[in-house]
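# Observations on chain architecture
Listed below are the residues making up each chain.
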Amino acid sequence: LFGRFVRRLSRKVQKKLAEANIVVDESFQSIAAVKAYTNEDLEYGRYKGLIDEVVQLSIRLTRFRGMFISFFIVGLFGGICLVIWFGGNLVMEGSLILSDLVSFLLQSLFIAGSLAGLGEIYASVQRSIGASERVFEILGEEPEVNITEAKNYTRFTGDIAFENVKFAYPSRKDVEVLKGIDIRIPPGQKIALVGHSGAGKSTIVQLLMKFYDLEEGRICIDGKDSREIPTRELRSNVAIVPQEVLLFGGSIKENIAYGRPGATVAEIESAAQKANAMEFIVRFPEGMDTLVGERGVKLSGGQKQRIAIARAILKDPAILILDEATSALDSNSEALIQEALQELMKNRTSIVIAHRLATIQHVDQIYVLENGAVVEFGTHKELLSSEEGVYAQLVKLQFNALAAKSV
Ligand code: ADP
């Protein structure tokens with residue numbers, strides 16, 4: 001009974017402690033937002049509340065253990081008193097000699113002491129089991145990829161087909177995010193996904209990368225169902241240039257080489273050149289060895305994007321996913337980036353998640369998404385020709401917004 005109780009309580013303490021750590025982690029990661037909103041007190045309060053709960057639970061646990069130990073001690077000494085009383089009577093009657101009583105007493109003391117120790121050990125084993133159950137749960141999770149997979153992956157031609165893909169996120173099974181998507185991209189073609197935020201553009205890309213398991217419909221790459229393609233082989237053929245580029249602490253060179261660890265310096269420099277990144281790299285005194293991130297220089301949004309493009313050029317994948325930045329940079333960086341992207345998209349199947357319609361006029365097909373379904377597709381020209389179409393409306397909206405800005 002006692003063991004079960006201790007185990008449950010230890011588990012609770014562990015869970016609360018993890019929650020408190022998440023608060024610290026989040027606040028430090030978004031320290032700028034916390035300070036900007038002057039919410040230091042709020043975060044402090046959230047942390048304090050959780051830590052107080054941990055303390056309360058721990059005190060309860062300790063109190064219970066205290067009670068258990070007292071119970072043992074009372075039992076132990078009570079037993080000794082009884083033995084002395086009963087044995088003393090027997091000695092006075094003359095039916096027991098004193099030395100026998102003393103040796104019996106000593107032996108019972110040793111045995112009782114050891115038994116009490118066993119109880120304490122049992123409690124501490126239960127406590128450890130409670131605390132480590134969660135760790136074992138995590139260790140027991142099935143890994144997503146088999147890291148011992150062979151390294152020599154075949155290169156795809158980049159023929160992609162989404163066939164009646166329906167999808168709901170595992171955390172929200174009841175909301176169907178994609179409602180039967182059909183998209184066909186022949187090798188080397190460029191397509192763009194457009195639509196309001198929440199339409200399902202990123203979900204399509206995440207499914208292509210096998211970040212989630214597909215339940216209905218299929219995604220074929222080079223005619224093969226993606227479920228049958230080893231995850232690492234698939235991802236080795238894809239590069240992503242994300243909206244928000246995160247650089248790792250280290251040098252610019254290391255950050256570009258992340259696209260293909262083991263690349264030579266000449267290859268890295270050539271990739272940086274093609275990505276129009278050399279232009280700013282050479283202006284740093286340490287050039288390629290300039291440290292970025294917390295201990296080094298802070299790069300601008302446009303510079304980071306060019307590093308990400310260089311990374312993708314170095315990886316040289318068959319399939320490219322480009323999550324376009326939402327806002328345009330100054331026209332000079334914008335032109336450099338667009339030029340680098342054209343270089344990157346050459347001879348690759350490319351999927352552009354487009355936010356600014358001006359940048360996708362030359363792609364081969366544009367798919368317009370609404371609430372998880374493709375409502376229109378065609379070239380920029382074709383889509384514009386139907387004035388009532390969703391795409392034409394979107395273009396008009398963006399054009400008006402731009403015009404209003406320039407006024
Ligand atoms: P878009 O990229 O077009 O802005 P998303 O593909 O990100 O749209 O999102 C489509 C829908 O899926 C949204 O309604 C969003 O709330 C939901 N969604 C996105 N990511 C998740 C997730 N990890 N868990 C649950 N729902 C999600």
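Not measured: the values here are computed from a predicted model.

Before going further, it helps to examine the nonpolar core. Formed by 45 residues in total, the largest nonpolar core has its most connected members in Val194, Ile256, Ile281, Ile309, Ile360 and Ile366. If you tally residues by element for this core, the top one is helix α10 (residues 301–315), at seven residues. Of all hydrophobic cores here, the second largest spans 32 residues; its members include Val165, Ile183, Leu207 and Leu208.

Attention shifts here to the packing of α10 against helix α11 (residues 331–345). Where α10 contacts α11, the axes come no closer than 10 Å and their chain directions differ by 10°. Here α10 is positioned roughly parallel relative to α11, judged by the angle of their axes. Only Ser333, Leu336, Ile337, Ala340, Leu341, Glu343 and Leu344 of α11 make contact with α10, whose side of the interface consists of Gly302, Gln305, Arg306, Ile309, Ala312 and Ile313. Taken together, the residues of the contact of α10 with α11 break down into eight nonpolar, three polar and two charged.

Relative to the assigned elements, Gln14 resides in helix α1 (residues 2–29). The class of Gln14 is partly exposed, set by a relative accessible area of 35%. Once the C-alpha coordinates of Gln14 and Ala277 are considered, the two residues, 263 residues apart in sequence, prove to be 47 Å apart.

Moving on: the pattern of salt bridges. Scanning the entire structure with this criterion turns up 19 salt bridges. Here Glu43 makes a salt bridge to Arg46, at a shortest N to O gap of 3.1 Å. Of the two residues, Glu43 and Arg46 both sit in helix α3 (residues 40–93), three residues apart, roughly one turn of that helix. Residue Arg46 is classed as partly exposed on the basis of its relative accessible area of 38%. Taken together, the shared-partner salt bridges in this structure form one network comprising Arg7, Arg11, Glu133 and Glu137.

What counts as what
Residues numbered from 1 in each chain as written. Predicted model: local features only at pLDDT ≥ 70, side-chain atom pairs only at ≥ 80, totals over all residues. Heavy atoms only, no water. Core = buried A, V, L, I, M, F, W, Y, C linked by side-chain atoms within 4.5 Å. Buried < 20%, exposed > 50% of the residue type's maximum accessible area, 1.4 Å probe, protein only. Helix = DSSP H or I, 4+ residues; strand = E, 2+ residues; numbered from the N terminus. Axes fitted to C-alpha atoms, helices over the stretch in contact; angles between N-to-C directions. Parallel < 35°, antiparallel > 145°, perpendicular 65-115°, else oblique. Contact = heavy atoms within 4.5 Å. Nonpolar A, V, L, I, M, F, W, Y, C, P; charged D, E, K, R; others polar. Salt bridge = Lys/Arg side-chain N within 4 Å of Asp/Glu carboxyl O.

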